[in-house]
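What follows is the residue order along each chain.
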Amino acid sequence: MSVQKNISLLPYNSFHLDVNAAEFVSVKTREELRDHLNAQEPKLILGGGSNILLTRKVDGLVLKIGIRGIEEVKEDNAYIYVRAGAGEPWHGFVQYTMDRNWGGLENLSLIPGDVGAAPIQNIGAYGVELKDVFYELEAYDRKEKKVFTFGVNDCQFGYRDSIFKSARKGRYIILNVTFILHKNPVLNTHYGAIREELKIMGVKSPTIQDVSRAVIKIRQSKLPDPAVIGNAGSFFKNPVVDQAKFLSLSEKYPEIPAYPHEDQSVKLAAGWLIEQCGWKGYRRGDAGVHVNQALVLVNYGKATGSEIFELSEKISKSVYKKFGVELDREVNVF
Ligand code: EPU
């Protein structure tokens, strides 16, 4: 695809923000990627655009990674190794694996965005994280101008985090990701909401397809559909606090939702903290806080990225004031 000039990025970001890019190109192969990178340094690299808040126009090149393709790399008795291009839409890829009865991605159904972004923030939902099904990825190193392979340890996955989001942010462009999936699926239904949904569905011995359907129902009931209302999923990460902080909070708020995290720390529910500060369903102009999930900020139409950013700052400040807990953004701000 040739470079387009002065175009709106509205169709390319799930917040539906209407900001212009001086230049835009979607690359379909690694050769095209290399050529464009050699010709000029992009101002912004875009995947599915579902985890970004655009607060200003881009006065340079936006490079969208449109590398597609799904292939079976190898298999043994228990596992199948499947490689997907970074530009494959995530849920389409999940469906592809469901159709073949390969287990592992069912809990991650209906997450917006593309495959290439999934490892960057180690996407997760309903008790499963990308790292649990990850085998390796190939990424182009913008510094060395070479392609490198990263195994699971190289990626330094953490809660909504990886080397690509923290230590080496901006250095690598993910080209493809290989997943290790079960030929004889092992279900992960320990997350309460999934068990409840399966019960409502009347399913006694669930398959991975049933789990996928349950996850889709839960997501649709709580999370706004980005095709209808602009949003980028959870705007903040769930904050992690130490035991002492958790104990002082739970004395004052015995009902506070909390989940054990690494090294005795505790993960709190940012959605609950935000709701307690009175923000759930808040709307000013077209920028708001979703009515069913306070962790999701929304654009009802013509909000600007700056308005949403300002709202997020107000939310963080009020949560800090009430609970003494800092919220970190999950969404990338440009
Ligand atoms: N809660 C509230 N009020 C709200 C929202 C949530 O009180 O407005 C409470 C819920 O009642 C529950 C707890 O907070 O007790 C957790 O809520 P939920 O199960 O909806 O999950 P979450 O912690 O808000 C996380 C992920 C989601 C993922 C779900 C399910 C993060 C930042 N978010 O949300 O991921 O789908 O768990 O596993 O970790 C995303 O990253 O974009 C995303 C949507």
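That block above? That's the structure.
Heads up: these notes are all about the structure in this document. (Residues numbered from 1 in each chain as written. Predicted model: local features only at pLDDT ≥ 70, side-chain atom pairs only at ≥ 80, totals over all residues. Heavy atoms only, no water.)

Right, let's talk about unusual backbone geometry for a bit. Of note in this structure, Lys145 is not a glycine but carries a positive phi near 55°. Looking at the secondary structure, you find Lys145 in the loop between strand S10 (134-141) and strand S11 (146-151). Using a relative accessible area of 48% as the deciding quantity, one classes Lys145 as partly exposed. At Arg160, a residue that is not glycine, the phi angle is positive and equals roughly 50°. (Helix = DSSP H or I, 4+ residues; strand = E, 2+ residues; numbered from the N terminus. Buried < 20%, exposed > 50% of the residue type's maximum accessible area, 1.4 Å probe, protein only.)

Okay, the sheet that holds strand S17 (residues 283-284) next. The sheet built from four strands is open, its strands ordered S13-S19-S18-S17 with antiparallel pairing. At either margin of the open sheet sits one strand with a lone partner, and together these are strand S13 (230-234) and S17. Here S17 runs beside strand S18 (residues 287-289); their pairing, made up of two bridges, is antiparallel. Each residue of the ladder has a partner; that of Arg284, found in S18, is Ala287. (Pairing = 2+ DSSP bridges.)

With that settled, the discussion passes to helix H2 (residues 90-99). Given 3.6 residues to a turn, an α-helix orients residues that are three or four positions apart in the same direction. Of all the residues in H2, the buried ones are Trp90, His91, Phe93, Val94, Thr97 and Met98. Each buried residue of H2 lies within a common arc of 155° when the element is viewed along its axis, so the set occupies one face. Next to the buried residues of H2 lie strand S6 (70-75), strand S7 (79-85), strand S12 (172-182) and helix H4 (208-222). Positive phi appears at Asn101, one or two residues downstream of H2, with a value of about 65°. (Arc of directions from axis to C-beta. Contact = heavy atoms within 4.5 Å.)

Two numbers describe how helix H3 (residues 192-200) lies on H4: the axes approach to 9 Å, and their chain directions differ by 105°. By the angle class used here, H3 and H4 are roughly perpendicular. The segment H3 lies against H4, with Ala193, Ile194, Glu197 and Leu198 engaging Asp210, Val211, Ala214, Val215, Lys217 and Ile218. The class makeup of the residues in the contact of H3 with H4 is seven nonpolar, no polar and three charged. (Axes fitted to C-alpha atoms, helices over the stretch in contact; angles between N-to-C directions. Parallel < 35°, antiparallel > 145°, perpendicular 65-115°, else oblique. Nonpolar A, V, L, I, M, F, W, Y, C, P; charged D, E, K, R; others polar.)

So, about the side chain of Thr178. Of note, Thr178 is situated in strand S12. Only 3.4 Å separates the side chain of Thr178 from the side chain of Arg83, close enough to count as a polar contact. Among residues more than four places away in sequence, those in contact with Thr178 are Val73, Tyr81, Val82, Arg83, Val133, Phe134, Tyr135 and Glu136. (Polar contact = N/O pair within 3.5 Å; in protein donor to acceptor, adjacent residues only side chain to side chain.)

Below, the discussion takes up the environment of Ser8. One can find Ser8 in strand S1 (residues 4-8). Overall, the relative accessible area of 26% leaves Ser8 in the partly exposed class. Residues Ser8 and Asp263, 255 residues apart in the sequence, show an inter-C-alpha distance of 46 Å. At a separation of 2.6 Å, a polar atom in the side chain of Ser8 contacts the side chain of Asp18.

Here the focus is the pairing of S7. Counting buried positions over the seven residues of S7 gives five, a clear majority of the element. In terms of strand pairing, S6 meets S7 through five bridges, oriented antiparallel. Among the inter-strand pairings, Glu71 is bridged to a residue of S7, identified as Arg83. As consecutive antiparallel partners, S6 and S7 are separated by three residues. Examined bridge by bridge, S7 and S12 share seven bridges and lie antiparallel to one another. Bridged to Ala84 within S12 is Val177.

Moving on, we get to the site of the ligand. Around the ligand, 24 residues are found, and the nearest of them are Tyr126, Tyr159, Asn238, Glu275 and Ala294. The contact in question runs from an oxygen atom of the ligand to an N or O atom on the side chain of Asn238, over 2.8 Å. Protein burial of the ligand: of its 820 Å² of free accessible surface, 82% is covered by the chains. Within the residue set of the shell around the ligand, elements represented by two or more residues are strand S8 (124-125), H4, S13 and helix H6 (270-276). (Near = heavy atom within 4 Å. Areas by Shrake-Rupley, 256 points an atom, 1.4 Å probe, with all protein chains shown as cover.)

With 19 residues, helix H7 (residues 305-323) ought to run about 27 Å at 1.5 Å a step, and its terminal C-alpha atoms sit 27 Å apart, in line with that. Within H7 the residues assigned to the buried category are Gly305, Ile308, Leu311, Ser312, Ile315, Ser316, Val319 and Phe323. All buried residues of H7 fall inside an arc of 140° around its axis, so they share one side. Summarising the geometry of H7, the exposed residues directed more than 90 degrees from the buried face are Glu310, Lys317 and Lys321. Contacts from the buried residues of H7 go to strand S4 (52-53), helix H5 (243-252), H6, S18 and strand S19 (296-299). A positive phi of about 65° marks Gly324, the residue just after H7. (Expected span 1.5 Å × (residues − 1).)

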